[in-house]
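Given next are the chains, with one letter for each unit.
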Amino acid sequence: MAATGPSLFVASTLVTSMAGNSGRNRCLSSFRAMAVSADQKSSPATVSTRSTENGRWLEEKNRKGRKEEEELTSNIYSNPQEITDEKGKTLREYFQECKDLMIQSKAGPPRWFTPLECGSHAPDSPLLLFLPGIDGMGLGLFKHHHKLGKIFEIWCLHIPVSDKTSFTDLVKLVERTVRSEYKRSPDRPIYIVGESLGACIALDVAARNPDVDLVLILANPATSFSRSQLQSLIPVLQVMPDQLSLYLPYMLNLVSGDPLRMAFENVAKGLMPHQIVGELTQDLVAMSSYLSVLADMLPRETLLWKLQMLKSASSSANSHLHAVKNQALLLCSGKDQLFPSEEEAQRLYHMLPKCEKRVFEESGHFLFLEDGFDLVTAIKGASFYRHGKYLDYVSDYIPPTPYEFKKIYESNGWVLAVTSPVMLSTLEDGKVVRGLAGIPSEGPVLYVGYHMLLGFELAPLVLQFLMERNILLRGIAHPMMFTRAKEGRMLDLGSFDTYRLMGAVPVSGSNFYKLLSSKSHALLYPGGVREALHRKGEEYKLFWPEQSEFVRMASRFGAKIVPFGVVGEDDVGELVFDYNDQMQIPSLRTFIKELTEEVVHLRIDASGEVSNQDVYLPGVVPKLPGRFYYYFGKPIETKERKEELRNRERAHEVYLHVKTEVEKCIAYLKEKREEDPYRNLMTRLVYQAMHGFKAPVPTFEL
């Protein structure tokens, strides 16, 4: 069922010690070695110690940790305002780690290491290889180690400052690791996260190993080096004395954050570095003692070598793009000062067959070091996390963290503020109560209801369930939110990341089966696109298929079916330019046809109005917002009727009963809202001004 609009929910549920050249293990404060040089043919797996005792200890540690975490966070979603922000590591800490790593490893060869904080993953977690950019430190995911370490086994590639391993040899090194790990776990995907130079290595490795299940996550790839301003540095550095530091502005851009990005932009305008220092924020001044670390990371000779390597890396990766058939996620920055990353991402998006892209308009080149970027959230939102060869939307799903939920809540806070949702539920004895006390606690539960225009009801519904009852509704959604038949006029798939983050799954019999078998709380809209994109005068009218689609499956698992209705769309907007109006205009008729052809078609064998799954953009005139009302009817039991409901006729009777109950819920709400003295936004604002804006607004008497 599909939708568009400003809300993140608007597109409805269309619905490791390091080893030196001698091979002697050394222990760092923050790193674990699994070292392998470019000269060696063994993988990290063969040189790292994986004792059974350590494995059991780690597994027990994880089990206890998960149990404690569940106990501590059982009600964490109840008050989003009180959820604390995630404390990410600072750039000061990043510089210190880089300094420590350089002290421990002053010379080659390149080697893998695992940060100690990445050791809490489950035994079956996929492997993630991080390939660094021009700095070569391997600490580019520094801010993400803790979260990534919970869901991945992480190996980071470190290229010592004075190392002169060629691009070709780096590709071979990574390839040997990939082949070794693929042989060890052929059913486990291998993730390769590469930034700039690392992205080029990842593309070459993927092109050379089409039989290996690689998932590529590429941040600002250096495949656009030929169009980068960095090219002009090569001849300058070739004649520059070591005493000069004219390349310092470029080094400054290695650090992320607005103050440093502004400083770099000032340099580009012709200001001298010493003029900029006085304009930097206090944070930058505090980090000034670490600028020497930057100089140590990229001395003139190393920088020249790395730039020449970027040139050959870009050329090689571009020549092999045609052979890359892997699943790939492009992460590009809108304010990348080093590469034309946004433009390059669009080019790669059209060249790579299994590619998705996400654009971060306010970010600079070193995206992973930016405070506002979360790699785990990006991976989850794009549905790129899986344990096996194919993505399982149910078993591979990772619920939102409290902080992720807080950000989603804040982005949709205006929806809750202007609609002041009223939620009613029905207890087992038939009594209607305010709130969600009548909602079953244990699954499987199937919520079946009416889909508002553009899915306006979704944000308050899903958020309230999680806050009040700690229940995550898994929406059964239209495939357009997950895949696109072709690129065209539809919203970019990134527009639906919040849906996927909150647990939406594409509609299919197998996904429906998995949800119920895992005792989930599933949300289903039988009316689909036709109901969510209805016409004038069709508010609160159900467009359900003639035949039962869900009763027999629900009864197979003894799921409770909760019918519900929702009203209020006519109080927030008026549909003035609908499907029928637009089909009268040739250009718009063509537009609707093209739009519909871009998405996966459902119910092609259905008859009647529900078979009309055309996708269009309705014209809606906003009103002074009224209020949303939700009413959940008495749960319908199927557990004791499994045998009975195998019969199609009996199942159809229950199907019609559920539909009738949904209609009754809608009728009840339409009648009762007339008695609500706070139905209008202005009266609610007056009440909140007198009682506090966090005070719940009363409604009609039950």
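Basis of the calculations
- Residues numbered from 1 in each chain as written.
- Predicted model: local features only at pLDDT ≥ 70, side-chain atom pairs only at ≥ 80, totals over all residues.
- Heavy atoms only, no water.
- Helix = DSSP H or I, 4+ residues; strand = E, 2+ residues; numbered from the N terminus.
- Buried < 20%, exposed > 50% of the residue type's maximum accessible area, 1.4 Å probe, protein only.
- Areas by Shrake-Rupley, 256 points an atom, 1.4 Å probe, with all protein chains shown as cover.
- Phe/Tyr/Trp six-rings, centres within 6.5 Å; stacked < 30°, edge-to-face > 60°.
- Pairing = 2+ DSSP bridges.
- Contact = heavy atoms within 4.5 Å.
- Axes fitted to C-alpha atoms, helices over the stretch in contact; angles between N-to-C directions.
- Polar contact = N/O pair within 3.5 Å; in protein donor to acceptor, adjacent residues only side chain to side chain.
- Expected span 1.5 Å × (residues − 1).
- Arc of directions from axis to C-beta.
- Salt bridge = Lys/Arg side-chain N within 4 Å of Asp/Glu carboxyl O.
- Disulfide = S-S within 2.5 Å.
- Core = buried A, V, L, I, M, F, W, Y, C linked by side-chain atoms within 4.5 Å.

Caption draft 1: Molecular detail of the overall build of the protein. Scanning the protein from terminus to terminus reveals 26 helices and 20 strands. The buried share among the 702 residues of the protein stands at 55%. Summed over all atoms, the accessible surface of the protein reaches about 30400 Å², with 52% contributed by carbon and sulfur.

Caption draft 2: Quick peek at the packing of aromatic side chains. Within the structure shown, the criterion is met by 26 aromatic pairs. Ring centres 4.8 Å apart and planes at 70 degrees place the aromatic pair Phe 152 and Tyr 191 in the edge-to-face group. Of this pair, Phe 152 sits in the loop between α4 (145-148) and β6 (153-158) while Tyr 191 sits in strand β7 (residues 190-195), placing them 39 residues apart in sequence. For Tyr 191, a relative accessible area of 0% puts it in the buried group. Relative to Tyr 385, the ring of Phe 152 lies with its centre 5.2 Å away and its plane at 85 degrees, an arrangement referred to as edge-to-face. Taken together, the residues span a long stretch of sequence, with Phe 152 in the loop between α4 and β6 and Tyr 385 in the loop between α15 (375-381) and α16 (402-411) at a distance of 233 residues.

Caption draft 3: How the structure looks around the sheet that holds strand β16 (residues 521-524). With mixed pairing, 8 strands are arranged side by side in an open sheet as β12-β11-β20-β17-β13-β16-β14-β15. Edge positions in the sheet fall to β12 (432-434) and β15 (505-506), since each of these pairs with one other strand and no more. One ladder, built from 4 bridges, connects strand β13 (residues 445-449) with β16; its direction is parallel. Looking at the pairing, Val 448 lines up with Leu 524 of β16. Sheet strands touched by helix α25 (residues 648-672): β11 (422-426), β12, β13, β17 (560-567) and β20 (629-632). Its angle to β17, the strand with the most contacts, is close to 35 degrees.

Caption draft 4: Region of interest: the pairing of β6. In terms of burial, β6 is largely enclosed, as 6 of its 6 residues are buried. Because side chains alternate across β6, one face comprises the buried residues Glu 153, Trp 155 and Leu 157, and the other comprises Ile 154, Cys 156 and His 158, equally buried. Examined bridge by bridge, strand β5 (residues 127-131) and β6 share 4 bridges and lie parallel to one another. In the sheet register, Leu 129 faces β6, and the bridge partner there is Trp 155.

Caption draft 5: Main features of the side chain of Arg 627. Structurally, Arg 627 can be placed in the loop between β19 (619-622) and β20. Of note is the side chain of Arg 627, whose polar atom sits 3.1 Å from the side chain of Asp 676. One polar contact links the side chain of Arg 627 to the main-chain carbonyl oxygen of Pro 698, over a distance of 2.8 Å.

Caption draft 6: Broad picture of the pairing of strand β14 (residues 473-477). Most of β14 is tucked away: 5 of the 5 residues are buried. Here β14 shows a buried face lined by Leu 473, Gly 475 and Ala 477 and a second buried face lined by Arg 474 and Ile 476. Note: β14 against β16, 3 bridges, orientation parallel. Counterpart to Gly 475 in the pairing with β16 is Leu 523. The pairing of β14 with β15 spans 2 bridges and is parallel. Bridged to Ile 476 within β15 is Val 505.

Caption draft 7: Representation of helix α5 (residues 167-184). For α5, spanning 18 residues, the distance from its first C-alpha to its last is 26 Å, which sits close to the expected 26 Å at 1.5 Å a residue. When we look at burial in α5, the residues that qualify are Phe 167, Leu 170, Val 171, Leu 173, Val 174, Glu 175, Thr 177, Val 178 and Glu 181.

Caption draft 8: Quick peek at helix α24 (residues 586-597). For α24, spanning 12 residues, the distance from its first C-alpha to its last is 17 Å, which sits close to the expected 16 Å at 1.5 Å a residue. The complete set of buried residues in α24 reads Ile 592, Leu 595 and Thr 596. Along the long axis of α24, the arc covered by the buried residues comes to 95 degrees, so they all point the same way. For α24, the exposed residues lying more than 90 degrees away from the buried face are Pro 586, Ser 587 and Lys 593.

Caption draft 9: Looking closely at the pattern of salt bridges. Within this structure, the stated rule accounts for 34 salt bridges. Note that Glu 344 and Arg 227 form a salt bridge whose closest N and O atoms lie 2.2 Å from each other. In this pair, Glu 344 is assigned in helix α14 (residues 341-351) and Arg 227 in the loop between β8 (214-219) and α7 (233-239), connecting sequence segments 117 residues apart. Residue classification places Glu 344 among the buried residues on the basis of a relative accessible area of 0%. Overall, Arg 227 belongs to the partly exposed group, its relative accessible area being 37%. Residue Lys 335 pairs with Glu 362 through a salt bridge whose shortest N-O separation is 2.7 Å. On the criterion of sequence distance, the pair formed by Lys 335 in the loop between β9 (327-333) and α14 and Glu 362 in the loop between β10 (355-360) and α15 is long-range, its members being 27 residues apart. Judged by its relative accessible area of 34%, Lys 335 falls in the partly exposed class. Of the residues examined, Glu 362 reaches a relative accessible area of 51% and is grouped as exposed.

Caption draft 10: The state of the cysteines, seen in detail. Evaluated as defined, the whole model comprises 0 disulfides. With no disulfide of its own, Cys 118 has Cys 156 as its nearest cysteine by sulfur position, at a separation of 6.3 Å. Judged by relative accessible area, which is 1%, Cys 118 ranks as buried.

Caption draft 11: Structural view of the nonpolar core. Counting residues in hydrophobic clusters, the biggest one holds 95 residues, and the most contacted among them are Leu 216 and Leu 375. Those residues in contact with Leu 216 that sit more than four places away from it in its chain are Ile 192, Ala 202, Leu 203, Ala 206, Val 324, Asn 326, Gln 327, Ala 328, Leu 329 and Phe 384. Val 394, Met 423, Leu 524 and Ile 592 belong to the second-largest nonpolar core, a separate cluster that totals 75 residues.

Caption draft 12: Examining the environment of Arg 208 more closely. Tracing the backbone through its elements, the reader meets Arg 208 in helix α6 (residues 197-208). Arg 208 gets classed as partly exposed once you look at its relative accessible area, which sits at 41%. Distance in space between the C-alpha atoms of Arg 208 and Val 324 is 8.4 Å, their sequence separation being 116 residues. Among all residues touching Arg 208, those that are not within four sequence positions of it are Val 171, Lys 172 and Glu 175. Of note is the side chain of Arg 208, whose polar atom sits 2.7 Å from the side chain of Glu 175.

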